[in-house]
Structure formats: structure tokens, C-alpha cells
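Architecture and fold: a report
Chain by chain, the residues:
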Amino acid sequence: MSERSERLSGAPAGPGPLEPWPDTVEWRPISSDLIWVELIRLAITVAVGLAVTAVGWAFSGHWLFGLALAVVLVLGAWRAIAVVRAVHAWGYAERADDLLVRHGLLVRRLSIVPYSRMQFVDVSAGPLERAFHLATVQLHTAAAASDARVPGLRPQEASRLRDRLTALGEDRAEGL
């Protein structure tokens, strides 16, 4: 339904089911340095794909390998653009009783994790993340499908969030 038809029908003009981000919370972005981490991972993957395809082309000389090289390059460029947009789509918000985590471009996802349902909180950082001074906070709940993660946090923010979530989880669990 368009905005004009919503006005004419009297339907509310607020966010619909395809706009899951509540405007009533203060969203915190993740570090844009995660873009570099993801682009380096992508560059490694594309380089391996190009190397394998180039070797195949060099040995066989078949034109399909040349086409495959072009496809790898085009898909790599497309994914690089998507990485930049995807990192900007990440965000999290701490509320009184739960943590909200949003991400996604085509498929927008909003995860709401109640503090009372958290079993434990992990902070991890791989080699590339450490090189860019980033960490990921992973929330674990009883339901595997509801596990949420917040990548691209500075280590101090990741530690603060871990400690806060752990404390709030313990407080909420005592009331059960």
C-alpha cells in the first residue's frame, strides 16, 4: 500500500511489518572498521577463486574459464558493495528487559533477546578482528535459533556489553 493510499484509507502511516526497526529505541551502530575486515575476507576468497580459475584456463585454454574469471570478478565487486551496506545495517539497542539486534539488507532481521533467557555471553575476536581492534559479542540462549551476535565492537565496548548483559541476566534469572 502506498503512502497516498494509506492516507486515503485512514491506515496508520507508522512502520509496517516490513519495517521491523522500532523507532522508540536508541540504536547503537557497530564500528565501520568491520567493513575492512569483511573486504579482506572477501579479497582472499576472490583471489583463491581467480587463481583456481586462471590455472584451469592456462591448462585447458577453454573460453569457459575466461567467462568464469569475469563472473568471479563481477560477483566479487557486487559482494564488496553489499558488504559496505550490510555493515551499516547492523545495530543494537539495550532496553530494560531485552537486547535488540538488527541486521540485513534484503532480509531484514530483528532479534529480541530477553536478558532472563540468556545462558551465557561470549566475546571473541579472530585474527583479522584483532588486527582492527574489533570483537564480537555472542549471546547464547536455550533456543539455538534465538542466539544473537553483535560483531564489530571495540574491545572495551564488547567487554562492557558482556558484563552488563551478564549482570542483567543474573538479576532477571533470580526472579524466576
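The structure we're discussing is the one just above.
Below is a summary of the structure that appears in this document. Quick caveat, the model's predicted, so the values are computed rather than measured.

Cut-offs and rules
Residues numbered from 1 in each chain as written. Predicted model: local features only at pLDDT ≥ 70, side-chain atom pairs only at ≥ 80, totals over all residues. Heavy atoms only, no water. Helix = DSSP H or I, 4+ residues; strand = E, 2+ residues; numbered from the N terminus. Buried < 20%, exposed > 50% of the residue type's maximum accessible area, 1.4 Å probe, protein only. Phe/Tyr/Trp six-rings, centres within 6.5 Å; stacked < 30°, edge-to-face > 60°. Lys NZ or Arg CZ within 6 Å of the ring centre and 35° of its normal. Pairing = 2+ DSSP bridges. Axes fitted to C-alpha atoms, helices over the stretch in contact; angles between N-to-C directions. Salt bridge = Lys/Arg side-chain N within 4 Å of Asp/Glu carboxyl O.

Moving on, we come to unusual backbone geometry. Positive phi, close to 55°, is recorded for His133, a residue that is not glycine. Within the fold, His133 resides in the loop between helix H4 (127–131) and strand S6 (135–141). Relative accessible area serves as the criterion here: at 54%, His133 is assigned to the exposed category.

This part takes up the packing of aromatic side chains. What characterises a pair of aromatic rings is the spacing of the ring centres plus the angle enclosed by the ring planes. Scanning the entire structure with this criterion turns up zero aromatic pairs. Sitting over the face of the ring of Trp27, Arg102 holds its NZ or CZ atom 4.7 Å from the ring centroid.

Below, the discussion takes up the sheet that holds strand S5 (residues 118–124). An order of S5-S6-S7 is seen for the three strands of this open sheet, with the pairing classed as antiparallel. Each having just a single partner strand, S5 and strand S7 (148–153) make up the two edges of the open sheet. Across the sheet, the axes of successive neighbouring strands diverge by a mean angle of 15°, strand direction being ignored.

Our focus in this paragraph is the pattern of salt bridges. The full count for this structure, using the stated rule, is nine salt bridges. A salt bridge links Arg164 to Glu94, with the nearest nitrogen and oxygen atoms 2.9 Å apart. Here the residue Arg164 occupies a position in helix H5 (residues 155–174), and Glu94 occupies one in strand S2 (residues 91–94), the gap between them amounting to 70 residues. In this structure Arg164 comes out as partly exposed when scored by relative accessible area, which is 33%. By relative accessible area, which is 22% here, Glu94 ends up partly exposed. One salt-bridge network, held together by shared partners, links Arg28, Glu94, Glu157, Arg160 and Arg164.

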